[in-house]
Amino acid sequence: MHSFTRRHLLRGLSGGAAVCGWPMLLGAQTTGHGLLGPVDPRPTAPGLPLTLHDGRPTRLEHLLRGRLTALQLMFTGCSSTCPIQGAVFAGLQQRLAEARLPAVQLLSVSIDPLGDDARALAAWRQRFHAGEQWLAAVPPLALAERLPDFLASRPTPGKGADGHTPQVYLFDRQGRLAYRMAELASATSIVKALGELARLG
Amino acid sequence: MSLTLRSAPNRLLLGGVIMALCGGALAFAMSAEDAALGRALYDGQRALPAQLRGHDEALPAHAARCINCHEGSSAIAPALSARSLLQPQARRGGPPSHYDEASFCRLLRDGVDPAWVLLPREMPRYEIPAQDCRALWSYLLQR
């Protein structure tokens, strides 16, 4: 019952966003191309308990500290853009190995705590041959909206029913949001941005 | 006057009827074959090489299936059928347009619709041979 309601909510978020006027709430940046580019000042990621794909409990702020992170929002029941997002991360994983950027991790965070658990996330990672530096995690249901709200990750009204944008968000070593990539940015461009972030700190 | 096969014209007539029937049967068989191939391409049973615009990496087969985005309650792309493809309608803010086989195949390969509007990046670019594209087109027109 809850799963049905939750997934319907996820699928209806784009319609709901149109009704509720997300562009008005998020300001002029949401018109046209949406929120992307450098984030200044860099806000610190919110405190958020997470369960990793291997079942270990952790917190978002702990995961982000001390390394650069490329983060994406997804859910394993998403059949449209999320498989593509996973493919982008798989390509990014490969590019990062070639670029030899130190201390970089990938983090896929589920927006569907009702439908996703450690087992589902582990299976999802396996589908894309995720390595050790690619983590997947899910927050508790009560805090499911905290990270999407922080990232201002809502789809352009009428654009999709997945409830999130297929953007990659880059965090610096202090756990602060530093850059929003364009939707479905290429692995090459993400590596380039991470390289700049590593250089600038 | 009864119809017999003794006369050459009657034999020619019978031969023509038989050939027409065989041709029709052959055409039907080819269409059914195309439809089966088209269905396999649509639901991903048969993979098509694909990548996103601006990306260097190929998409894994399971991420590039047509049904992922064009089918089901969580579809984020238009349903594909004879009606949606052949009927003139405004698409993606462009002028009214409709597809034919050539423009459909161009869309799959280049990501440009019949009104020359560029499709969103979510729509993969496919490497699809002419025969496969024809089969997919035939299948979609039967939906």
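Scroll up for the structure.
Conventions and cut-offs
- Residues numbered from 1 in each chain as written.
- Chains lettered and ligands numbered in written order.
- Predicted model: local features only at pLDDT ≥ 70, side-chain atom pairs only at ≥ 80, totals over all residues.
- Heavy atoms only, no water.
- Phe/Tyr/Trp six-rings, centres within 6.5 Å; stacked < 30°, edge-to-face > 60°.
- Helix = DSSP H or I, 4+ residues; strand = E, 2+ residues; numbered from the N terminus.
- Buried < 20%, exposed > 50% of the residue type's maximum accessible area, 1.4 Å probe, protein only.
- Lys NZ or Arg CZ within 6 Å of the ring centre and 35° of its normal.
- 1 Å grid on protein atoms, 1.4 Å probe; cavity = no way out; pocket = protein on both sides within 12 Å on 5 of 7 lines; lining within 4 Å.
- Points joined across faces, edges and corners; volume = space filled by probe spheres on them.
- Nonpolar A, V, L, I, M, F, W, Y, C, P; charged D, E, K, R; others polar.
- Expected span 1.5 Å × (residues − 1).
- Pairing = 2+ DSSP bridges.
- Contact = heavy atoms within 4.5 Å.
- Buried area = accessible area lost by both parts, 1.4 Å probe.
- Salt bridge = Lys/Arg side-chain N within 4 Å of Asp/Glu carboxyl O.
- Polar contact = N/O pair within 3.5 Å; in protein donor to acceptor, adjacent residues only side chain to side chain.

Student: Give me the lowdown on the packing of aromatic side chains, citing residues and values where you can.
Tutor: This structure, assessed with the given rule, holds seven aromatic pairs over all chains. Between Trp124(A) and Trp134(A), the ring centres sit 6.1 Å apart and the planes meet at 90°, which makes this aromatic pair edge-to-face. Within this pair, whereas Trp124(A) is found in helix α5 (residues 118-127), its partner Trp134(A) is found in strand β6 (residues 134-138), the two being separated by ten residues in sequence. Assessed through its relative accessible area of 0%, Trp134(A) is described here as buried. Through successive ring pairs, a cluster of aromatic residues spans Phe89(A), Trp124(A), Phe128(A) and Trp134(A). Sitting above the plane of the Trp116(B) ring, Arg106(B) keeps its charged end 4.1 Å from the centroid.

Student: Quick rundown of empty space enclosed by the protein? Include the residues and the values.
Tutor: This model, assessed by the stated rule, comprises five cavities of 30 Å³ or more. The calculated volume of the largest cavity comes to roughly 60 Å³. Along the walls of the largest cavity sit Leu41(B), Gly44(B), Arg46(B), Ala47(B), Leu48(B), Ala61(B), Ala64(B), Arg65(B), Cys66(B) and Tyr126(B), which together make up its complete lining. The residue inventory of the lining of the largest cavity, partitioned by class, reads seven nonpolar, one polar and two charged. Reported here for the second largest cavity is a volume of approximately 50 Å³. Considering the residues around the second largest cavity, the lining is formed by Ala87(A), Val88(A), Leu52(B), His55(B), Glu57(B), Ala58(B) and Leu59(B). Split into classes, the residues belonging to the lining of the second largest cavity amount to five nonpolar, one polar and one charged.

Student: If you had to explain helix α5 (residues 130-141) of chain B to someone new, which residues and values would you point to?
Tutor: Over its twelve residues, α5(B) extends 16 Å from the first C-alpha to the last, a length consistent with the 16 Å expected when each residue adds 1.5 Å. Looking at α5(B), one finds that the buried residues are Asp132(B), Cys133(B), Ala135(B), Leu136(B), Trp137(B), Tyr139(B) and Leu140(B).

Student: An account of the sheet that holds strand β8 (residues 177-180) of chain A is requested, with residue identities and associated values reported.
Tutor: Residues and elements named next belong to chain A. What the eight strands build is an open sheet, ordered β1-β8-β7-β4-β5-β6-β2-β3; its pairing is mixed. Strands with a single pairing partner mark the edges of an open sheet, and in this sheet they are β1 (37-38) and β3 (57-59). Both strand β7 (residues 169-171) and β8 contribute to a ladder of three bridges, which runs antiparallel. From the neighbouring strand, Tyr 169 faces β8, where its bridge partner is Arg 180.

Student: Could you give me a rundown of the interface of chain A and chain B, with the residues and numbers involved?
Tutor: At the junction of the two partners, chain A supplies 23 residues and chain B supplies 16 residues. Both sides of the chain A and chain B interface together cover about 1,600 Å² of buried area, and 59% of this is carbon and sulfur. It is Ser79(A), Ile84(A) and Leu184(A) in chain A that bury the most area against chain B; as a group they hold 28% of the surface buried on that side. For the salt bridge of Arg95(A) with Glu57(B), the shortest nitrogen-to-oxygen distance reads 2.7 Å. Counting the contacts that link chain A with chain B gives seven residue pairs in polar contact (both at pLDDT 80 or more). At the level of secondary structure, the elements contributing two or more residues to the side of chain A that touches chain B comprise α4 (81-99) and α7 (187-200) of chain A. Broken down by element, the residue count for the side of chain A that touches chain B peaks at seven residues, all from α4(A). Considering only residue class, the side of chain A that touches chain B consists of ten nonpolar, seven polar and six charged.

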